[in-house]
Amino acid sequence: MKLENPSPIEWKFSHRAEQLQSSAIREILKITMRPEVISFAGGLPSPETFPVDRMRAAFDSVLTRSGKVALQYGPTDGYAPLREFIAESLSTDGAKILPDQVMMVSGSQQGLDLLGKVLIDEGSKVLVETPSYLGALQAFSVYQPKFESVEMDDHGLVPSSVAAKGAGARLLYALPNFQNPTGRTLSVERRYELVDICARLGIPLVEDNPYGDLCYTGEPLPKMLTMNPGGVIYMGSFSKVLTPGIRLGYVVGPTTLIRKLEQAKQATDLHTSQLTQMVVHEVIKDGFLNEHIPTIRDLYSKQCAAMLEALGKYFPEGVTWTRPEGGMFIWVTLPKHIDANQLLAQAIEQNVAFVPGGPFYANEAETNTLRLSFVTVPPAKINEGVEKLGKLIKAKL
Ligand code: PMP
């Protein structure tokens with residue numbers, strides 16, 4: 001039997017789905033994929049850093065040795081040896097993290113969504129930095145919270161602002177290291193203060209740390225997780241230290257929370273790819289990251305230096321920018337009257353792209369801000385792109 005002209009469906013989306021929007025950045029990225037565009041827009045790590053041969057060898061080895069396990073369904077909280085490795089590596093500064101406190105997720109982005117699912121009700125107060133990671137705002141927005149924007153300055157999140165606004169919040173979402181989008185780092189003293197304030201107010205402190213290992217000099221600063229493992233939810237990712245395409249991250253927290261996240265994850269995707277987890281464990285178990293991460297730091301710090309030099313040379317007085325000590329981003333503040341969206345439209349005509357700052361604000365946006373990423377652009381192109389932007393900005397003064 002064959003139906004004659006069956007009618008197409010008229011879609012009726014849920015109220016929640018009606019509110020969803022595409023990430024402004026993903027839309028910009030579509031434009032900037034053209035090869036002639038010098039793009040400072042992406043949040044992508046440099047593909048030069050991907051250890052392709054290592055990954056190939058590890059896939060081969062895992063499939064040869066344990067193919068039947070690797071290709072089978074696995075536990076929701078993740079591959080035990082990898083969870084043990086992560087728990088061990090986070091047990092620093094006197095803190096002891098147990099494997100039971102670690103849940104593997106399909107990219108830390110999934111962790112953000114799951115946190116929203118288990119912690120946020122409609123109208124819940126959620127504290128976020130000003131500005132904050134757009135992907136977190138997007139993930140939490142699905143659960144319809146009321147965002148409360150917390151102040152930041154050059155030393156990161158301002159603890160007194162959390163103390164003033166925090167009462168009753170369901171969580172504080174913080175990016176202590178080389179923040180996306182500003183590149184700023186939270187000072188050590190403030191880390192202690194924040195952990196203390198959140199513990200006293202009974203607010204879970206989410207420490208999202210995908211960039212922490214990418215410090216250009218010195219050692220990574222202490223994690224807030226180690227200051228109060230009972231009150232901090234830590235999120236880690238392999239996206240910036242290995243490759244993002246494998247979609248592997250982890251959430252670490254008290255077991256009561258982890259068991260609840262596990263239930264939420266079961267409903268979402270049963271578990272994160274067992275094959276991927278086994279391969280990553282194979283790659284990192286003998287200390288590969290200790291030799292690999294310094295090569296990423298090296299590349300990014302050189303390109304960051306190239307961008308800072310170009311900004312100093314070509315951007316006019318009245319424009320300010322951050323000086324990151326690690327990570328992938330520089331945050332630029334233009335004179336108040338210049339709208340970064342308009343600047344972007346002109347820049348794209350000249351084949352240069354960046355991300356306007358607006359979408360990174362949960363509440364009132366500062367439209368004279370923008371984010372520049374330097375990691376996928378070679379120094380000569382960084383110079384050329386920044387020079388073009390500088391000319392466009394000067395013409396607006
Ligand atoms: N948090 C922050 C601050 C990020 O910048 C990103 C990726 N851009 C993520 C989380 C998501 O990372 P993942 O690839 O692990 O999902």
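Residues numbered from 1 in each chain as written. Predicted model: local features only at pLDDT ≥ 70, side-chain atom pairs only at ≥ 80, totals over all residues.

Engineer: Describe the overall build of the chain, naming the residues involved and giving the relevant values.
Structural biologist: When you go through the chain residue by residue, the secondary structure sums to 14 helices and 15 strands. Taken over the C-alpha trace, the chain has a radius of gyration of 22 Å; the compact-globule value for 397 residues is 21 Å, and the two agree within 12%. For the C-alpha atoms alone, the extent of the chain along its principal axes is close to 70 × 60 × 45 Å. For the chain, the proportion of its 397 residues judged to be buried stands at 46%. (Helix = DSSP H or I, 4+ residues; strand = E, 2+ residues; numbered from the N terminus. Rg over C-alpha atoms; globule rule 2.2 N^0.38 Å. Buried ≥ 20, exposed ≤ 12 C-beta atoms within 10 Å, placed from the backbone.)

Engineer: Describe the domain arrangement of the chain, listing the residues and the values that go with them.
Structural biologist: The extent of an interface is frequently quoted as the accessible surface area lost upon association of the parts. Domain boundaries in the chain define domain 1 (21–50 + 290–394) and domain 2 (53–286). Taken over C-alpha atoms, the centre of domain 1 sits 25 Å from the centre of domain 2. Residue-level contacts link 26 residues of domain 1 with 29 residues of domain 2. Listed by contribution, the elements that provide at least two residues to the side of domain 1 that touches domain 2 are helix H12 (288–314) and strand S12 (329–333). (Domains from an automatic or database assignment. Contact = placed C-beta atoms within 7 Å.)

Engineer: Please provide a residue-by-residue account of helix H13 (residues 340–349), values included.
Structural biologist: Since there are 3.6 residues in each turn of an α-helix, residues three or four apart along the chain are aligned in direction. Along H13, the residues that are buried comprise Ala-340, Leu-343, Leu-344 and Ala-347. Down the axis of H13, the sector holding all buried residues measures 105°, keeping them to one side. Opposite the buried face of H13, at more than 90 degrees from it, the exposed residues are Asn-341, Ala-345 and Glu-349. Downstream of H13 by a residue or two, Asn-351 has a phi angle that is positive, lying close to 60°. (Arc of directions from axis to C-beta.)

Engineer: So, the sheet that holds strand S7 (residues 171–174): which residues are in play, and what are the values?
Structural biologist: The sheet built from 7 strands is open, its strands ordered S2-S10-S9-S8-S7-S3-S4 with mixed pairing. The open sheet has two free edges, formed respectively by strand S2 (102–105) and strand S4 (146–150), since each of these has just one partner strand. Sheet twist, expressed as the mean angle between neighbouring strand axes with direction ignored, is 20°. Contacting S7, strand S8 (205–208) and strand S9 (232–237), helix H8 (residues 188–201) runs over the sheet at an angle of about 145° to S8. (Pairing = 2+ DSSP bridges. Axes fitted to C-alpha atoms, helices over the stretch in contact; angles between N-to-C directions.)

Engineer: Tell me about the site of the ligand, residues and numbers included.
Structural biologist: The ligand sits among 14 residues. The nearest are Gly-107, Ser-108, Gln-109, Ser-237 and Ser-239. The class makeup of the residues in the shell around the ligand is 4 nonpolar, 9 polar and 1 charged. (Near = placed C-beta within 6 Å. Nonpolar A, V, L, I, M, F, W, Y, C, P; charged D, E, K, R; others polar.)

Engineer: An account of the environment of Glu-84 is needed here, citing residue identities and associated values.
Structural biologist: Tracing the chain through its elements places Glu-84 in helix H4 (residues 80–90). Counting along the chain gives 16 residues from Glu-84 to Asp-100, while the straight-line C-alpha distance between them is 8.5 Å.

Engineer: Any details on the pairing of S2? Residues and values, ideally.
Structural biologist: Because side chains alternate across S2, one face comprises the buried residues Val-102 and Met-104, and the other comprises Met-103 and Val-105, equally buried. Note: S2 against strand S10 (residues 249–252), 4 bridges, orientation antiparallel. Paired with Val-105 across the two strands is Gly-249, which belongs to S10.

Engineer: Can you lay out the sheet that holds S12 for me, pointing to particular residues and giving the numbers?
Structural biologist: The strands that make up a sheet are held in pairs by hydrogen bonds between backbone atoms, and each pair lies either parallel or antiparallel. Read from one edge of the open sheet, 4 strands run S11-S12-S15-S14, paired in antiparallel fashion. In the strand order of this sheet, the two ends are held by strand S11 (320–321) and strand S14 (355–356), each with one partner. Bridge analysis of S12 against strand S15 (residues 369–373) gives 5 bridges, and the strand direction is antiparallel. Paired with Thr-333 across the bridge in S15 is Thr-369.

Engineer: I'd like to hear about the packing of H12 against helix H14 (residues 379–395), residue by residue, with values.
Structural biologist: Running from amino to carboxyl end, H12 crosses H14 at an angle of 30°, the nearest separation of the two axes being 9 Å. When the interaxial angle is binned, H12 and H14 end up roughly parallel. Like other packed secondary-structure pairs, H12 and H14 cross with a definite hand, here right-handed. Contacts from Gln-303, Ala-306, Met-307, Ala-310, Leu-311 and Tyr-314 of H12 reach H14 at Pro-379, Ile-382, Asn-383, Val-386, Glu-387 and Gly-390. (Parallel < 35°, antiparallel > 145°, perpendicular 65-115°, else oblique. Left-handed = near helix turned anticlockwise from the far one by under 90°.)

Engineer: Would you mind going over the packing of helix H5 (residues 108–119) against helix H6 (residues 134–141) in detail, with residue names and values included?
Structural biologist: With their axes 8 Å apart at the nearest point, H5 and H6 run at an angle of 35° to one another. Considering how the two elements wind past one another, H5 and H6 form a crossing that is right-handed. Along its contact with H5, which presents Gln-109, Leu-112, Asp-113 and Gly-116, the element H6 presents Gly-135, Ala-136, Ala-139 and Phe-140. Split by residue class, the contact of H5 with H6 holds 4 nonpolar, 3 polar and 1 charged.

Engineer: Describe the confidence of the model for the chain, naming the residues involved and giving the relevant values.
Structural biologist: Averaged over the chain, the pLDDT score is 96; the fraction of residues at 70 or greater is 99%. At the level of chain-chain contacts, confidence expressed as ipTM amounts to 0.99, with global pTM at 0.96. (pLDDT = per-residue confidence, 0-100.)

Engineer: Lay out the nonpolar core in plain terms, naming residues and giving numbers.
Structural biologist: Core analysis: the biggest nonpolar cluster contains 107 residues, and Leu-172 and Leu-205 have the highest contact counts within it. Each of domain 1 (21–50 + 290–394) and domain 2 (53–286) gives at least three residues to this core. (Core = buried A, V, L, I, M, F, W, Y, C linked by C-beta atoms within 7 Å.)

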